[in-house]
Amino acid sequence: MTCEKGIPVAHKLDRLLRPKSVALVGASPKEGSVGRGMITSTAMPGTPSRVYFVNPGYDEIDGQKCYKSLRALPEVVDLAVLGIANARLEAALDEVIQCGIGAATIFASGYVENDAEPRLTARLSAKAKANGIAICGGNCMGFYHMDFGLRVCGFPPPAWIRKGNVAFLTHSGSAFSALCHTDRRFGFSLAVSAGQELATNVADYLDFALDIPATKVVGLFLETVRDPQGFKAALAKAQRMGIPVVALKVGRTAESAALAVSHSGAIAGNHAAYQALFERYGVIEVANMDDLVNALHLFSGERKLAPGGIATIHDSGGFRELVLDLGLETGVPFAKIARETEAKLASRLDYGLEPINPLDAWGTGNDWEAIFEDCLQALVDDPDTALASFCVEARDGYFLSASYADVLRRVAQRTTKPVFYTTNVGSNANLDLTTRLAHDGVPVLSGVASMLRVVKAAMAQRDRAALVDDPAATAPQGLRAKWQQRLGTGDLSEAEALDLLADYGVPVVAHFFAETEAEAIAAADKAGYPIVLKTAMPGILHKSDVGGVKLGLADAAAVRAAYADLANRLGPRVLVMPMAGKGIEISFGMTRDEQFGPVVMVGAGGVLIEMMKDRRFSLPPFGPKEARWQIDRLSLRPLLDGKRGARPADIDALSRAFAAFSVMVADLEGLVSEMDVNPLIVNESGAVAVDALAVKR
């Protein structure tokens, strides 16, 4: 639902996720069956919906009347939950349609042996979409709308599952169970096992979840996105609302993408496009379930990171050293605490302990609880502390663990910064003590290595959110029409690709065509020695591979010899350009993703483009601040600051060039399928493209 002046307005998923009435088709008294699980789930305390049982094999179940069919019900229900075998699904959905029921949940896979074309899943999807029926599933676990009070699942949740501020949307039923059925720290506003998304997809669920007032963070376990534009709109909505979205995208490799197709019919897509999409909308991307869970716990605390780095406090010198090692390896900045903070720490620490961050505060054990509280408070209050964690093991029934938790509670009440508990070992967090702490609003994370990865991602999201007032430039008028006409006749030559870049404001090296020896020498004289001679014969895309590039030609005699070789081996057409100055070789690139459109790339250039795999992806267009953000995150970035006597490169010029490239790509949407600029030379004098390739769509 959306809310206007506090009044709920109907959402298209209300009949699925906020139904006034529910029919459990296949309800059964048999223990351990899906039919029994549906009854148990919907019978849990707080269910607001009227629930009917439908099964022709029973007159009543648990003393409640059981109806023979959906037609026999006393009302047209909002939601039919189909807890039946694959062979009965199509007939059941036909009855749903005939009865005018607006939504269904399907647990079964929809795969039947010796099925005809179109397959059952395709038939179910087509019928649901044609009749406007929202479907959760098939091949799903169901959903828990805890903010509403309804639980729909064939495998009922534990009694302790509770309402909270986390929305979790997943294509994996096992991920649904892992978070909802095993981690007692969580509280959910909404949890959905989306399955095959026969009619309703993650974009729809995300839009719905964001309209639940309790939702403060969203977790996504994604195989694919079936509605790219709707998904982008929902992510933009989350960004506007300031609700963090944490995403684990599987199918990142070709091998796992192939498995996704067989698992749920999902086309995993180009992961570079997902990376670019997540960057654009401030999504926190994680690579594994541990990081997903920890990120959701961190953001469920609802506190924004302050500027600066992390502060950690420990009761072990060895684990303090481990956290420092892992933090430096991960790239997490530690707060550079002020001298005043060091003095506060020194005044409370036992003799021999260093007043530094990370801090080991355990000494003799005398007055330890007050020492830890005062030291943690001093770290939290430091101006350079963005967030702070107490990194220590947890143990039920142990006075130290209980006191550490109390210290955290008290410090958390005296600050607006994120303060949280981290267990040193990843498997040691689902305890009564840590559950109570999480329920009191102090996040509990599992394992310091995962915690540090999550903190790094959270800091990146914080820093990127600061990129304001960075609009993309407007593409020059008339250029699209100009190049559309040219691209209509075929791919561009290198010279034309360079001209295209120049038209949109990307600096390029001077270049001249020649088709005879005399023209080549005249062009070289005009360009200024030393020069580069390249073959310009059509169809040769990678000139170096065929010996088609001659570098450092110092005079007319050298040009004459080089031209003779190229003309004899490859053909008479050549490109003449001056040697670019020394500098760092960068590459720009563009590909078109079938789901999300054009994606641009900046990375290492020259021969390093394939060797380093050092690249960043973005959705065009964007301004120079976004361009600088991406460039600053390249592994080669320190090289641009100047090394071994080299002068610092003009990073602002490189940023402007990348931003101009993004504007060009966006303006030419639909006309170009691929483009490479490699290398682009950047040095203290600026940035200049010296080679380019453009392939028409």
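Residues numbered from 1 in each chain as written. Predicted model: local features only at pLDDT ≥ 70, side-chain atom pairs only at ≥ 80, totals over all residues. Heavy atoms only, no water.

Participant: Summarise the overall build of the protein; cite the residues concerned and give the values.
Facilitator: What the protein contains, in helices and strands, is 23 helices and 31 strands. The principal-axis extent of the C-alpha atoms belonging to the protein is close to 100 × 80 × 45 Å. Across the 697 residues in the protein, those meeting the buried criterion constitute 55%. Accessible surface, the protein: about 28,900 Å² in total, of which carbon and sulfur atoms supply 53%. The positive charge centre, built from 71 side chains, and the negative charge centre, built from 80, are 3 Å apart in the protein. (Helix = DSSP H or I, 4+ residues; strand = E, 2+ residues; numbered from the N terminus. Buried < 20%, exposed > 50% of the residue type's maximum accessible area, 1.4 Å probe, protein only. Areas by Shrake-Rupley, 256 points an atom, 1.4 Å probe, with all protein chains shown as cover. Lys, Arg positive; Asp, Glu negative; His and termini not counted. Charge placed at Lys NZ, Arg CZ, Asp CG, Glu CD.)

Participant: Can you break down the UniProt feature "domain: ATP-grasp" (unreviewed entry) in the protein residue by residue, with the values?
Facilitator: The UniProt record annotates "domain: ATP-grasp" (unreviewed entry) at residues 498-536. Between the first and last C-alpha atoms of residues 498-536 the distance is 13 Å; the span itself is 44% helix and 21% strand. (UniProt positions renumbered as here; feature names shortened; annotations may be inferred.)

Participant: With reference to specific residues and values, describe the sheet that holds strand β8 (residues 103-106).
Facilitator: Strand order in the open sheet made by the seven strands is β5-β6-β4-β3-β7-β8-β9, with mixed pairing throughout. Since the sheet does not close on itself, it has two edges, and those belong to β5 (60-61) and β9 (134-137), each with one partner. Sitting on the sheet, helix α3 (residues 89-99) is in contact with β7 (79-82), β8 and β9, with an inclination near 170° to β7. (Pairing = 2+ DSSP bridges. Contact = heavy atoms within 4.5 Å. Axes fitted to C-alpha atoms, helices over the stretch in contact; angles between N-to-C directions.)

Participant: Would you mind going over the sheet that holds strand β25 (residues 574-578) in detail, with residue names and values included?
Facilitator: Two pairing modes exist for strands in a sheet, parallel and antiparallel, and in both the strands are linked by backbone hydrogen bonds. Strand order in the open sheet formed by four strands is β22-β25-β23-β24, with antiparallel pairing between adjacent strands. Each of the sheet's edge strands pairs with one partner strand only, and the pair in question is β22 (512-514) and β24 (549-553). Geometrically, the sheet is characterised by an average inter-axis angle of 25° between neighbouring strands, direction not taken into account. Along the sheet face, helix α18 (residues 494-503) touches β22, β23 (531-535) and β25 and points at about 45° away from the line of β25. Relative to β25, helix α19 (residues 517-527) is tilted by about 20°, and along the sheet it contacts β22, β23 and β25.

Participant: Which residues make up the pattern of salt bridges, and what values go with them?
Facilitator: Applying the stated rule across the entire model yields 46 salt bridges. Here Arg 410 and Glu 369 are joined by a salt bridge, their closest N and O atoms 2.9 Å apart. Placement of Arg 410 in helix α14 (residues 399-413) and of Glu 369 in helix α13 (residues 368-381) is noted, with a sequence separation of 41 residues between them. When its relative accessible area of 25% is taken as the criterion, Glu 369 is described as partly exposed. Notably, a salt bridge pairs Lys 543 with Glu 494, separated by 3.1 Å at the nearest N-O pair. Residue Lys 543 is located in the loop between β23 and β24, and its partner Glu 494 is located in helix α18; the two are separated by 49 residues in the primary sequence. Owing to a relative accessible area of 10%, Lys 543 belongs among the buried residues under this scheme. A cluster of three or more residues bridged by salt bridges with shared partners is formed by Glu 90, Asp 94, Asp 115, Arg 123 and Lys 127. (Salt bridge = Lys/Arg side-chain N within 4 Å of Asp/Glu carboxyl O.)

Participant: Any chance you could break down unusual backbone geometry for me, citing the residues and the numbers?
Facilitator: Peptide bonds are mostly trans, and most non-glycine residues show a negative phi. Across the junction of Glu 117 and Pro 118, the peptide omega takes the value -5°, indicating a cis bond. By secondary structure assignment, the location of Pro 118 is in the loop between β8 and α4 (120-130). Backbone torsion omega between Pro 620 and Pro 621 reads -5°, so that peptide bond is classified as cis. Inspection of the secondary structure puts Pro 621 in the loop between β28 (615-618) and α22 (624-632). Within the chain, Asn 114 stands out as a residue other than glycine whose phi angle is a positive 60°. Looking at the secondary structure, you find Asn 114 in the loop between β8 and α4. Accessibility expressed as a relative area gives 75% for Asn 114, which makes it exposed.

Participant: For the domain arrangement of the protein, give the residues involved together with the corresponding values.
Facilitator: Partitioning the protein into structural domains gives domain 1 (13-298), domain 2 (302-466), domain 3 (510-578) and domain 4 (584-696). Of note, the centres of domain 3 and domain 4, computed from C-alpha atoms alone, are 26 Å apart. (Domains from an automatic or database assignment.)

Participant: I'd like to hear about α19, residue by residue, with values.
Facilitator: If you check which residues of α19 are buried, you get Ala 520, Ile 521, Ala 523 and Ala 524. Each buried residue of α19 sits inside an arc of 160° when the element is viewed along its axis, so together they form one side. Exposed and facing more than 90 degrees away from the buried side of α19 are Ala 518 and Lys 526. Residues of α19 that are buried make contact with β22, β23, α20 (556-569) and β25. Of the residues one or two after α19, Gly 528 is the one with positive phi, at around 95°. (Arc of directions from axis to C-beta.)

Participant: Just give me the short version of the packing of helix α5 (residues 173-180) against helix α10 (residues 289-300), but keep the residues and values in it.
Facilitator: Look at α5 against α10: their axes get within 12 Å of each other, and the N-to-C directions meet at 45°. Considering the angle they form, α5 stands oblique to α10. Read as a crossing pair, α5 and α10 show a hand that is right-handed. Of α10, the residues touching α5 (which contributes Ala 175, Ala 178 and Leu 179) are Met 289, Val 293 and Leu 296. The class makeup of the residues in the contact of α5 with α10 is six nonpolar, no polar and no charged. (Parallel < 35°, antiparallel > 145°, perpendicular 65-115°, else oblique. Left-handed = near helix turned anticlockwise from the far one by under 90°. Nonpolar A, V, L, I, M, F, W, Y, C, P; charged D, E, K, R; others polar.)

Participant: Hey, could you go over the packing of aromatic side chains for me, with residue numbers and the actual values?
Facilitator: According to the stated counting rule, one finds 17 aromatic pairs in the structure shown. Centre to centre, the rings of Phe 390 and Tyr 404 are 4.7 Å apart; their planes meet at 45°, and the pair counts as tilted. Placement of the pair is Phe 390 in strand β19 (residues 385-391) and Tyr 404 in helix α14, with a sequence separation of 14 residues. Its relative accessible area of 1% is what places Tyr 404 among the buried residues. Grouping aromatic residues by their ring pairs yields a cluster made of Trp 362, Trp 368, Phe 372, Phe 390, Tyr 398, Phe 399, Tyr 404 and Tyr 421. The ring of Tyr 274 carries the charged tip of Lys 249 above its face, separated from the ring centre by 4.7 Å. (Phe/Tyr/Trp six-rings, centres within 6.5 Å; stacked < 30°, edge-to-face > 60°. Lys NZ or Arg CZ within 6 Å of the ring centre and 35° of its normal.)

Participant: Describe α20, listing the residues and the values that go with them.
Facilitator: An ideal rise of 1.5 Å per residue puts 20 Å on 14 residues; α20 measures up with 20 Å between its terminal C-alpha atoms. Every buried residue belonging to α20 is among Val 559, Ala 562, Tyr 563 and Leu 566, and all of these are buried. With its buried residues spanning 105° around the axis, α20 presents them on a single face. Every exposed residue of α20 that faces more than 90 degrees away from the buried side is listed here: Ala 561 and Asn 568. Of the surrounding secondary structure, the elements contacted by the buried residues of α20 are α19, β23, β24 and β25. At the N-terminal boundary of α20, the capping side chain belongs to Asp 555, with an oxygen 3.3 Å from the backbone nitrogen of Ala 557. Gly 571 lies just past α20 and shows a positive phi near 130°. (Expected span 1.5 Å × (residues − 1). Polar contact = N/O pair within 3.5 Å; in protein donor to acceptor, adjacent residues only side chain to side chain.)

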